[in-house]
Structure formats: C-alpha cells, structure tokens
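Chain residues, written in single-letter form:
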Amino acid sequence: MEVRKLEQKAWKIREKILDCAYEAGNCHVGGALSTVELLTALYYWVMKIDPQSPKDPLRDRFILSKGHGVLGLYVILADLGFFSSEQLKSYKKMDSILQGHPDARKTPGIEMSAGSLGQGISYGVGKALALKLKENGAKVFVMVGDGELQEGQNWEAISSAAHYQLDNLMVIVDQNRLQLDGQIEAIQNHFYLKERFCSFGWEVWEIDGHNMEAILEVLGKPAKGRPRAIIANTIKGKGVSFLENQVSSHCCKISSEQYSRIKKELSNYRREVLG
C-alpha cells in the first residue's frame, strides 16, 4: 500500500511539473521528469524535515547538484508546505523565489544554490562531515546528474567521503545517459560507474530509478560505516512519449498542441495503471 500511494503521488508530481513547464515556456523539463520517483521517495518516506521549520538543525539535508532539474523539487516543496503552491505560477519570472536554478537565499527548503555543475558532492561531503563532528544525527542526500560526474572535483570528494567514513552521506546518480550536448557514452562514457564508486570504498547499489519498490528497498537499508551511492537508471523526459530519451527534452518549450497530447497521455496512464 505504501508503494502504491507513493507511485500515485509521484504521478501527480509529474503532472504538476508539466503544467508548470507549459506555463513557464522554455525550461529544463527532461531532467526534472527523470527524478520524480526518487524525489518522491526521499521527501514523502525517508527524510526527516519540517516545512514549518526549514532550518531545523536536526533536519535531513537534500542537495540538488543538477540544479537545472529543480522544477520537480519546487513542486514537491510547495506540496509539502514550504511555500504556497500559488508561488509555482511565478516559476522563472522576474523577482520570483522560484528561479530556473535553485537559490538557497530565496527559497525555503533549498539547501544549496546550484547552477554550475559538479559541486554538489563536495558540498555534501563538507556538510556530512560537519554534522558528524557536531554529533548531529541528520543525514545528507545529494542528487547528481551522470553528465556532471565527468568533472574531476566529484571524485576528489568521493575519495574524501570514504576517508572520513561518512555513513551519513548518500549520493544518488540520476543516470539518464543524456546531457545537454548528446549521449553520455559519446561525450565521455562512465565506464564501470558502480565499480568506480566501490573502488573508492563506497557501498553501492544500481536500480531502476522509476521502480518505487526498488527505490524504497535501497533507501531503507541501514548504513554500515561508509558512504553510500545509488546508481539510478532513469529515462530523461519520463512519462511523455515524445520527450522520453530525447536530448531535445533537456531544455524545451511545450506547445499548446503538445500540452494537449501530454494531458491525454497522463490521463490514460492514471486511469489504466494507477487506478
């Protein structure tokens, strides 16, 4: 029953992402759609957070390193009450608290401002180490795109996390195999990504990033004295037939005709699969 409820919640989040993307015009939608099930599991099942006290020192921290995919996170934060859902109408508008990339100074619930990729794991390591030194039991979750793992800074941070035995840190790789300029394997392939994390001393799992049951199983596992990573195989543009696995869905504008098709597809899925 828990899995079913979370699957239904994830699909509602996906629908709202697409509504906001259509209203906003040109925006990063593909990478937001690939993370929906993962974010839903984290925010509605795993993380200890309080929308009424977003800076509670005992809160779990979520760091979105792939900041361009923030629309899904905005929808979830609004749904949980970190800010009014009415604010979603201002997404990407001048003076809005919801910009195209997350800004920790403006938006309740955002832990790290992100724009330049490749920095989230480093920030997460620093945050997890600080919590350890303060004997604070909060956990740190970092979501990265597979494309940004091409940057060397990540691997220095991954090495440091193992050295300091940061078992309060989990990295989730949104492995949709596409980035702005094309396919990952054509630009700079991640050979043996799971094995590479393991070689640095991490505990690692590889799962279907859209399978809620598999996500919950891994997130529910206890820490064993070392940092953890989930390699989540996902689909860019998940849920919309003409956006799935398309480089063009990285950042695009949805036309009125496409929006009508999207609403029909999602409605059919909700009726036939989710009930």
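Scroll up for the structure.
About the criteria used
- Residues numbered from 1 in each chain as written.
- Predicted model: local features only at pLDDT ≥ 70, side-chain atom pairs only at ≥ 80, totals over all residues.
- Heavy atoms only, no water.
- Axes fitted to C-alpha atoms, helices over the stretch in contact; angles between N-to-C directions.
- Helix = DSSP H or I, 4+ residues; strand = E, 2+ residues; numbered from the N terminus.
- Parallel < 35°, antiparallel > 145°, perpendicular 65-115°, else oblique.
- Left-handed = near helix turned anticlockwise from the far one by under 90°.
- Contact = heavy atoms within 4.5 Å.
- Nonpolar A, V, L, I, M, F, W, Y, C, P; charged D, E, K, R; others polar.
- Core = buried A, V, L, I, M, F, W, Y, C linked by side-chain atoms within 4.5 Å.
- Buried < 20%, exposed > 50% of the residue type's maximum accessible area, 1.4 Å probe, protein only.
- 1 Å grid on protein atoms, 1.4 Å probe; cavity = no way out; pocket = protein on both sides within 12 Å on 5 of 7 lines; lining within 4 Å.
- Points joined across faces, edges and corners; volume = space filled by probe spheres on them.
- Pairing = 2+ DSSP bridges.
- Right-handed = clockwise from strand over helix to strand, strands pointing away.

Chemist: How do you make sense of the packing of helix 1 (residues 2-24) against helix 9 (residues 212-219) when you look at a structure like this?
Modeler: In a packed pair of helices, the relevant descriptors are the angle between the two axes and the axis-to-axis distance. The N-to-C vectors of helix 1 and helix 9 enclose an angle of 115°; their axes lie 9 Å apart at closest approach. The angle between helix 1 and helix 9 falls in the class roughly perpendicular. Considering the relative orientation of helix 1 and helix 9, their crossing is right-handed. Two secondary-structure elements touch here, helix 1 through V3, L6, E7 and A10 and helix 9 through M212, E213 and L216. Its residues assigned to classes, the contact of helix 1 with helix 9 comprises five nonpolar, no polar and two charged.

Chemist: How do you make sense of the nonpolar core when you look at a structure like this?
Modeler: A general tendency of soluble globular proteins is for nonpolar side chains to be buried together. Membership of the largest hydrophobic core comes to 57 residues, with the highest contact counts inside it found for I17, L18, F62 and I230. Beyond its immediate sequence surroundings of up to four residues, L18 is in contact with V29, L33, V240, L243, I254, Y259, I262 and L266.

Chemist: It is not clear to me how empty space enclosed by the protein should be interpreted in this structure. Could you clarify?
Modeler: It is the rolling of a water-molecule-sized probe over the atoms that shows where space remains empty. Summed over all chains, the structure comprises two cavities of 30 Å³ or more. Approximately 80 Å³ is the volume found for the largest cavity. For the largest cavity, the lining is made up of 14 residues, of which I49, D60, F82, G109 and E111 are closest to its centre. In terms of residue class, the lining of the largest cavity is built from seven nonpolar, two polar and five charged. Approximately 40 Å³ is the volume found for the second largest cavity. Y43, F62, I63, L64, L73, P102, G109, I110, E111 and M112 are the residues that line the second largest cavity.

Chemist: Is there a simple way to explain the pairing of strand 6 (residues 203-208) in this structure?
Modeler: Two faces belong to every sheet, and in a regular strand the side chains alternate between them. When strand 6 meets strand 7 (residues 228-233), the two strands line up parallel, connected through six bridges. When the sheet's bridge partners are listed, D208 is paired in strand 7 with N233. Remark: the strand 6/helix 9/strand 7 crossover connection has right-handed handedness.

Chemist: How should I be thinking about the sheet that holds strand 1 (residues 61-64) in this particular structure?
Modeler: Note on sheets: strands pair through backbone hydrogen bonds, and any given pair is parallel or antiparallel. A sheet is described by the order of its strands in space; here five strands give the open sequence 1-2-3-7-6, paired in parallel fashion. Looking at the sheet topology across the chains shown, the edges are occupied by strand 1 and strand 6. Adjacent strand axes in the sheet meet at a mean angle of 20° when their direction is disregarded. Helix 3 (residues 36-46) contacts strand 1, strand 2 (140-145), strand 3 (169-175) and strand 7 of the sheet and is inclined by roughly 170° relative to strand 2.

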